[in-house]
Amino acid sequence: LMDDIITPSLCGEAGPTHVNAWIGTGGTRTPLHFDSYDNLFVQVVGKKYVRMYEESETDKLYVLRTNDATSSYGAQGNMSAINCELEDFDAHPAVRNAKYTEIIMRPGDCLFIPARA
């Protein structure tokens, strides 16, 4: 697949430091999280709802930092306990005050997501 990916010139002479292709079927949901590297999110077909929070909102997002050997969820310290589709304000009251931007991605759209966003 790497032979099919052309590195855009905006990635600089050295090119990207990470290349990942995440492919999902209709209805795929990605839990609220942040990555430690910049991303270019490209929507190929269908639509995708994206909710972005600025780094300054992190303290309101209940980021999981776990050493639980029974689960890898949250092991990287970049996953949130928040379910954006079914928010529980009793369990996570601070998230009610977290400001975010909503984006609807459509085929051909490209979104730059900075590290730790």
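The rules behind the values
Residues numbered from 1 in each chain as written. Predicted model: local features only at pLDDT ≥ 70, side-chain atom pairs only at ≥ 80, totals over all residues. Heavy atoms only, no water. Helix = DSSP H or I, 4+ residues; strand = E, 2+ residues; numbered from the N terminus. Polar contact = N/O pair within 3.5 Å; in protein donor to acceptor, adjacent residues only side chain to side chain. Contact = heavy atoms within 4.5 Å. Phe/Tyr/Trp six-rings, centres within 6.5 Å; stacked < 30°, edge-to-face > 60°. Lys NZ or Arg CZ within 6 Å of the ring centre and 35° of its normal. Patch = residues over 30% accessible without salt bridge, like charges linked within 9 Å, V, L, I, M, F, W, Y side chains within 5 Å. Areas by Shrake-Rupley, 256 points an atom, 1.4 Å probe, with all protein chains shown as cover. Salt bridge = Lys/Arg side-chain N within 4 Å of Asp/Glu carboxyl O. Buried < 20%, exposed > 50% of the residue type's maximum accessible area, 1.4 Å probe, protein only.

1. Some thoughts on the side chain of lysine 48
- Tracing the backbone shows lysine 48 in strand 2 (residues 48-53).
- One polar contact links the side chain of lysine 48 to the main-chain carbonyl oxygen of threonine 28, over a distance of 3.3 Å.

2. A few points about unusual backbone geometry
- Despite not being glycine, tyrosine 62 shows a phi value in the positive range, around 50 degrees.
- As for its placement among the helices and strands, tyrosine 62 is situated in the loop between strand 2 and strand 3 (63-64).

3. Considering the side chain of glutamine 43
- With respect to the helices, strands and loops of the structure, glutamine 43 is situated in the loop between strand 1 (39-42) and strand 2.
- Within the local environment of glutamine 43, its side chain forms a polar contact with the backbone oxygen of valine 45, the two atoms lying 2.7 Å apart.
- In this structure, glutamine 43 is in contact with Lys48, Met105, Arg106, Pro107, Gly108 and Asp109, ignoring residues within four places of it in sequence.

4. Things to note about the packing of aromatic side chains
- For the coordinates displayed, the defined rule picks out one aromatic pair.
- Here the aromatic rings of tyrosine 53 and tyrosine 100 are separated by 5.3 Å at their centres, their planes lie at 55 degrees, and the arrangement is tilted. Remark: tyrosine 100 occurs in strand 5 (residues 100-105) and tyrosine 53 occurs in strand 2; sequence separation between them is 47 residues.
- Here the guanidinium or amino end of arginine 51 rests over the ring plane of tyrosine 100, the centre of that ring lying 4.1 Å away.
- In this arrangement the basic side chain of arginine 96 is found over the ring face of phenylalanine 89, its NZ or CZ atom lying 4.1 Å from the centre.

5. Concerning a nonpolar patch on the surface
- Residues Leu10, Leu40, Val42, Val44, Val45 and Phe112 make up a contiguous nonpolar surface patch of roughly 650 Å² in combined accessible area.
- Within the secondary structure layout, leucine 40 lies in strand 1.
- The class of leucine 40 is partly exposed, set by a relative accessible area of 45%.

6. Details of the pattern of salt bridges
- A complete count under the given rule lists four salt bridges for this structure.
- The salt bridge partner of glutamate 85 is arginine 29, with a shortest N-O separation of 2.9 Å. You can see glutamate 85 sitting in the loop between strand 4 (79-80) and strand 5 and its partner arginine 29 sitting in the segment before strand 1, a full 56 residues away along the chain. Each of the two residues, glutamate 85 as well as arginine 29, counts as exposed.
- Arginine 51 is the salt-bridge partner of glutamate 87, the closest N and O atoms lying 2.7 Å from each other. Note that glutamate 87 is positioned in the loop between strand 4 and strand 5 and arginine 51 in strand 2, a separation of 36 residues in sequence.

Such coordinate-based values are descriptive only and should not be taken to indicate function.
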